[in-house]
Amino acid sequence: MILAAGYGKRMRPLTDRTPKPLLEAGGRPLIQYPIEALRDAGVRDIVINTGWLGEQLPARLGDGSELGVRLHWSHEGTPLETAGGIRRALPLLGEAPFILVNGDIWTDYDFRRLGELAGDDRAHLVLVDNPAHHPDGDFHLTEHGRLGDNAAPRLTYAGIARLHPALFRDLDDGERPLAPLLRAAIAADRATGEHHAGHWWDIGTPERLAELDRFLAHRRR
């Protein structure tokens, strides 16, 4: 599942008429990068949730056939935050653990490396070095690959995870954040993680979008 329903308020005025995942860097919409990365890792069915200006996403991407995947749309109308959007999309996601990706990141992470869930685990998160705009990080990663919430040092959640649907089944429909569910899984020692030391960009401002565009232009040379 790719998350694409946010308002993109920090990206205004760019998002006044264009949903954030369709903003372009390197000559492509931001959301095309995770779609292609998932496809290259063997994923063929991708659920995308929509909210603000959401009708533009299927109008641009269609059923995904041109990109070699099958896209399934979960239209929210009013954005439901991350966990609420996932809860709404559960009928499309099925019973097995699924990959979750933020639609406004760029990374060279290889999704074929994404760890499976073992035993009673409910979440496996990809973490990255803390960027300048998030210096305190989110979670601690132990030497055994388990996640902690109160220890140091802390790394930043990359917006890439493998999650179990059971994490969301008891949620009421509506606006719900993801962080409390992840922290509950961590407190119960049911969450693992891995560290990606390569490139990763969180496109949260017009300035970061412009920086990514320059970076991608340089990579093509």
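Refer to the structure presented above.
Residues take numbers from 1 onward in each chain, read along the sequence in its written order. Residues qualify for local features only when their pLDDT is at least 70, as the model is predicted, and side-chain atom pairs are given and counted only at 80 or more; totals for whole chains, interfaces and linings, by contrast, use all residues. Side-chain calculation: all heavy atoms of the structure are included, whereas hydrogens and water are not.

Visitor: Which residues make up the packing of aromatic side chains, and what values do they have?
Guide: Two aromatic rings from Phe, Tyr or Trp, using only the six-membered ring of Trp, form a pair when their centres are within 6.5 Å; if the ring planes differ by under 30 degrees the pair is stacked, by over 60 it is edge-to-face, and anything between is tilted. Scanning all chains against the criterion turns up four aromatic pairs. Here the aromatic rings of Tyr109 and Phe111 are separated by 5.4 Å at their centres, their planes lie at 85°, and the arrangement is edge-to-face. Using a 1.4 Å probe on the protein chains alone, a residue whose accessible area is under 20% of its type maximum counts as buried, one over 50% counts as exposed, and one in between counts as partly exposed. For Tyr109, a relative accessible area of 3% corresponds to the buried category. With relative accessibility at 6%, the residue Phe111 sits in the buried group. Plain terms: the ring middles of Trp201 and Phe215 are 5.3 Å apart, the flat faces sit at 45° to each other, and that makes the pair tilted. Here Phe215 lies in helix H5 (residues 206-219) and Trp201 lies in strand S13 (residues 200-202), a separation of 14 residues in the sequence. Of the two residues examined, Trp201 and Phe215, each falls in the buried class. Secondary structure is summarised from DSSP: a helix means a run of H or I of at least four residues, a strand means a run of E of at least two, and numbering begins at the N terminus for each.

Visitor: Run through the pattern of salt bridges, naming residues and quoting values.
Guide: Basic side-chain nitrogens of Lys or Arg form a salt bridge, by our definition, when they fall within 4 Å of a carboxyl oxygen of Asp or Glu. Under the criterion given, the structure shown has 15 salt bridges. In this structure, Arg146 and Asp189 form a salt bridge, with 3.1 Å as the shortest nitrogen-oxygen distance. Pair noted here: Arg146 is in the loop between strand S9 (140-141) and strand S10 (147-148) and Asp189 is in the loop between helix H4 (179-187) and strand S12 (191-196), with a separation of 43 residues, a long-range link. Its relative accessible area of 47% is what places Asp189 among the partly exposed residues. Salt-bridge contacts for Arg208 lead to Asp202; the nearest nitrogen and oxygen are separated by 3.5 Å. Taking the relative accessible area as the measure of exposure, Asp202 reaches 18% and is therefore buried. A single salt-bridge network, built from bridges that share partners, covers Asp121, Arg146 and Asp189.

Visitor: If you had to explain the layout of surface pockets to someone new, which residues and values would you point to?
Guide: Only protein atoms enter the 1 Å grid used here, on which a cavity is any set of points holding a 1.4 Å probe that cannot leave and a pocket is any open set flanked by protein within 12 Å on both sides along at least five of seven lines; residues with an atom within 4 Å of a point are listed as lining. Grid points are joined across faces, edges and corners, and a volume is the space filled by probe spheres set on the points. Within this model, the largest pocket holds a volume of roughly 1,100 Å³. As for the largest pocket, its lining consists of 39 residues, and the residues nearest its centre are Leu3, Arg10, Thr82, Asn102 and Asp104. Broken down by secondary-structure element, the contributors of at least two residues to the lining of the largest pocket are helix H3 (81-93), strand S11 (156-163), H4 and S13. It is S11 that contributes the most residues to the lining of the largest pocket, four residues altogether. Any residue that is not Ala, Val, Leu, Ile, Met, Phe, Trp, Tyr, Cys, Pro, Asp, Glu, Lys or Arg is counted as polar, Gly included; the first ten are nonpolar and the last four charged. Looking at the lining of the largest pocket residue by residue, the class counts come to 17 nonpolar, eleven polar and eleven charged.

Visitor: Would you mind going over the side chain of Gln32 in detail, with residue names and values included?
Guide: By the secondary structure assignment, Gln32 is in helix H1 (residues 32-40). The exposure class assigned to Gln32 is buried, which follows from its relative accessible area of 15%. One polar contact links Gln32 to Glu36, side chain to side chain, over a distance of 2.7 Å. Polar contact is defined as a pair of N or O atoms within 3.5 Å, subject to the rule that within protein one atom must be able to donate a hydrogen and the other to accept it, and that residues adjacent in sequence are counted only when both atoms are side-chain atoms.

Visitor: How would you sum up H5? Please name residues and give values.
Guide: Expected helix span is given by 1.5 Å per residue-to-residue step, counting one fewer step than there are residues. Here H5 spans 20 Å end to end across 14 residues, near enough to the 20 Å set by a 1.5 Å rise per residue. For H5, the complete set of buried residues consists of Arg208, Leu209, Leu212, Phe215 and Leu216. Looking straight down H5, one finds that the buried residues subtend no more than 125° of arc, so they occupy a single side. Along H5, exposed side chains directed more than 90 degrees from the buried face belong to Glu207, Arg214 and His218. It is the directions from the helix axis to the C-beta atoms whose arc is reported.

Visitor: Would you mind going over the nonpolar core in detail, with residue names and values included?
Guide: Across soluble globular proteins, nonpolar side chains show a tendency to be buried alongside one another. Note on terminology: a nonpolar core comprises buried Ala, Val, Leu, Ile, Met, Phe, Trp, Tyr and Cys residues joined through side-chain atoms within 4.5 Å. By size, the foremost hydrophobic cluster in this structure holds 28 residues, and its most contacted members are Ile86, Leu100, Leu125, Leu163 and Phe168. Where this core is concerned, the elements lending two or more residues are H3, strand S6 (98-102), strand S8 (123-128), S11 and H4. The element contributing the most residues to this core is H3, with five residues. Every residue pair with non-hydrogen atoms within 4.5 Å of one another is taken to be in contact. Ignoring sequence-local partners within four residues, the contact set of Leu100 consists of Met1, Leu3, Thr82, Ile86, Tyr157, Gly159, Ile160, Ala161, Leu163 and Leu178.

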